[in-house]
Amino acid sequence: MPIVTLRDGLNAPTGSRYCDYCHQLKDDLSREPPELFRATVEELENGVKGGCKTCHFRYHAISTFYMSPETQVEFSQLQQFTFDNSIFYEIFKVSGEGDVEFPMISERNMLSGSTCSEHTFQSLEIWIQECLSEHEQCPFQSSYFPKRVLDVRNDQLVLREGSVETCYACLSHCWGPSQSPIKTLTTTIDDFKKDIPWSSLSKTFQDAVDICRRLRVDYLWIDSICIIQDSDEDWNIESMKMADIYENAYFTIAATKSTDGTGGCYASADPETTSCRPIIENLVYCRKKPPEFNQFYRQRDWPLLSRAWVYQEMRLSPRVLHFGSQEVIWQCRTCRRSESRTNDSDAPTTLTYNDRYIPNSRLLDWHNTINEYSHLTLTFEKDRFAAIAAVAQREATLRSNDEFVFGLWKNTLLRDLLWETVPHQQLQQRSKLECPTWTWASVMSRVTWAEIARNRNLWLLDCTSLEDIDIQYTASPYLGRHRKAALHIRGPLITTTLKEIGHNGIRGISDGHHNLTLGDMRFLPIHQADYDLYANSCSILKPNLEVYLLPIAIQTDVVFNLVGLALIRIEGTSNSDPEYERIGMISLQAIENSTRIPPRPIPTTEFEITSTRLVSHLSSILAVRIQLV
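Residues numbered from 1 in each chain as written. Predicted model: local features only at pLDDT ≥ 70, side-chain atom pairs only at ≥ 80, totals over all residues. Heavy atoms only, no water.

Trainee: How should I be thinking about the state of the cysteines in this particular structure?
Mentor: A covalent bond between the sulfur atoms of two cysteines is referred to as a disulfide. Taken as a whole, this structure holds zero disulfides when the rule is applied. Left unpaired, Cys276 is separated from the closest cysteine sulfur, that of Cys286, by 8.2 Å. Judged by its relative accessible area of 0%, Cys286 is buried. (Disulfide = S-S within 2.5 Å. Buried < 20%, exposed > 50% of the residue type's maximum accessible area, 1.4 Å probe, protein only.)

Structure representation (structure tokens):
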């Protein structure tokens, strides 16, 4: 990202509208300026004194702030600026206020100051009607209705069961650490069918009811009220309907700003966001920029989106009303709209898994789904599969004759096994969830399929094959509950030690361990451990412990790699197939057989020769049948 700094003493040439520096950069108010422009207040003053129109505009934008001449300010084009890289101020012109000579400056709306205002709800009604009448990807023709809903009509709250209606809303919310929103229990359900006291509802639930009433929606689905929380039978049945419930909702209300039920949906905006400082009277203004909406990477400002359970709710809901700390944001399958217009986007921003979905979208890629989902937080690890079951069910409808296997898929299982924890993050301890080590759900870190994502040139090896899947489920496969879960795989095992392959990252370059050999070939091992192998709970993993590398595929990017799994053997097992558990993902980079340090990788131009040699060496290793647990 280029950064430019004004030099001292710049004076505009006679008759010029711009100083030498701005003229040289073609940095004027009718062109796109440099991406970043950094200056002190004094340097901008010098530009103004010299008659530079661009410097004058920038100086006028910051002139209402108290600053010393030495204060630094950084502009991103002519659209926003910051003094400290933590608070950003956006420059904008008001929508509908007429044309101005600054084409690069975006139009924005003034904010009302409260997300429960009539102005906010007028915007919501416009967005809803535009979506229903104009968006081909967002039709509403639902014949589905949940088993239970909250009836909000007639200034009363009643739990209805078995109703047949067509229109309802859902609520997406954080339960919070106390886990104490009002709940339907086997002992309270009959009372709730008669009346639910308003005072028993959390602030978030009360606001959601008010939103439904103001938007003329009579029924509201809330998980803690519409599922019997102390009935495993009811929970198992209703949790499997999440895809239908959210996908067929008229809209979903998201308490996106709140960490628990006390935060509510409504908010009063920061005065710095609602108070606009004029740069050019009645034309151009600046204000504190509302929080940027990013569904996966700005979760500090949108805490609801950090929750794993919420992921599938956002993925499946056709229309979402995000109630934030400064404004309400509309999100549907066609676009995103915001009260301020700062967070507007014309790109599809939610996903759906039915015949209305745009085919061949990369957003449907399961590996991307798990990459996005795996870093989100859960209060109870046992919900790891349940919280994404609805998305998995919809994914299954796109896969012909396939089966969900602990977060992976039967028809692509060998490729799916090549997940790894995201490099350079701090490794966590192994998950306490009872699940096999070969699934990504066994770790508490974010995972990816980097070897596949970087390059599609990945070839499965014929010498390694999946021979059997031995799983005994105790509930729906999508919930991951089981008595037994093992993969029977036949393939060559390369024996090494933990010391030789290292713990995390490239071992060979740092300490000379680049002598892992296979026949006359040498490899640089790059081991990405699944969890902290040296944590107290993993003290059995000593440096000299034997590790077995199971090669699965050849991957080429710029260099030639053999990729597979790092395993350790479970001693004392009496099964005919010895048991192994996974501890990491291994990439063996083929290197020249020379004394050069660091060793030079073999380029992909020699792919055919290298692959033939490798397959020959792997064939010389006796293939064994193992049980991966």
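Trainee: What am I meant to see in the packing of helix 2 (residues 41–49) against helix 3 (residues 53–62) here?
Mentor: The relative placement of two packed helices is expressed as an angle between their axes plus a distance between the axes. At their nearest, the axes of helix 2 and helix 3 sit 8 Å apart, and the two run at 135° to each other. When the axis of helix 2 is compared with that of helix 3, the two are oblique. In the crossing of helix 2 with helix 3, the sense of the turn from one axis to the other is left-handed. Counting all contacts with helix 2, which are made through Val41, Leu44, Glu45, Gly47 and Val48, the residues of helix 3 involved are Cys55, His56, Arg58, Tyr59 and Ile62. Grouping the amino acids of the contact of helix 2 with helix 3 by side-chain chemistry returns six nonpolar, two polar and two charged. (Axes fitted to C-alpha atoms, helices over the stretch in contact; angles between N-to-C directions. Helix = DSSP H or I, 4+ residues; strand = E, 2+ residues; numbered from the N terminus. Parallel < 35°, antiparallel > 145°, perpendicular 65-115°, else oblique. Left-handed = near helix turned anticlockwise from the far one by under 90°. Contact = heavy atoms within 4.5 Å. Nonpolar A, V, L, I, M, F, W, Y, C, P; charged D, E, K, R; others polar.)

Trainee: I keep staring at unusual backbone geometry and nothing clicks. Help me out?
Mentor: Backbone phi values are negative for most residues with the exception of glycine, while trans is the configuration of most peptide bonds. Non-glycine residue Asn85 carries a positive phi angle of around 60°. Within the fold, Asn85 resides in the loop between strand 4 (80–82) and strand 5 (88–94). The residue Phe406 is not glycine, and still its phi comes out positive at about 50°. Tracing the chain through its elements places Phe406 in the loop between strand 17 (404–405) and strand 18 (408–409).

Trainee: Please explain the pattern of salt bridges as it appears in this structure.
Mentor: Pairing between side chains of opposite charge can happen when the charged atoms of each approach one another. Considering all chains together, one arrives at 33 salt bridges under this definition. In this structure, Arg315 and Glu372 form a salt bridge, with 4.0 Å as the shortest nitrogen-oxygen distance. Note that Arg315 is positioned in helix 11 (residues 308–316) and Glu372 in helix 12 (residues 366–373), a separation of 57 residues in sequence. Judged by relative accessible area, Arg315 falls into the buried class, the value being 3%. (Salt bridge = Lys/Arg side-chain N within 4 Å of Asp/Glu carboxyl O.)

Trainee: Please explain the pairing of strand 14 (residues 319–323) as it appears in this structure.
Mentor: Every regular strand shows the same layout, with side chains that alternate between the two sheet faces. In terms of residue burial, strand 14 counts as a mostly covered element, since five of its five residues are buried. By the alternation rule, side chains of strand 14 split into Arg319, Leu321 and Phe323 and Val320 and His322, which are all buried. The sheet contact formed by strand 11 (residues 251–254) and strand 14 spans three bridges and is parallel. Within the sheet, the bridge partner assigned to Ala254 lies in strand 14 and is His322. From the end of strand 14 to the start of strand 15 (residues 328–332), which pair antiparallel, there are four residues. (Pairing = 2+ DSSP bridges.)

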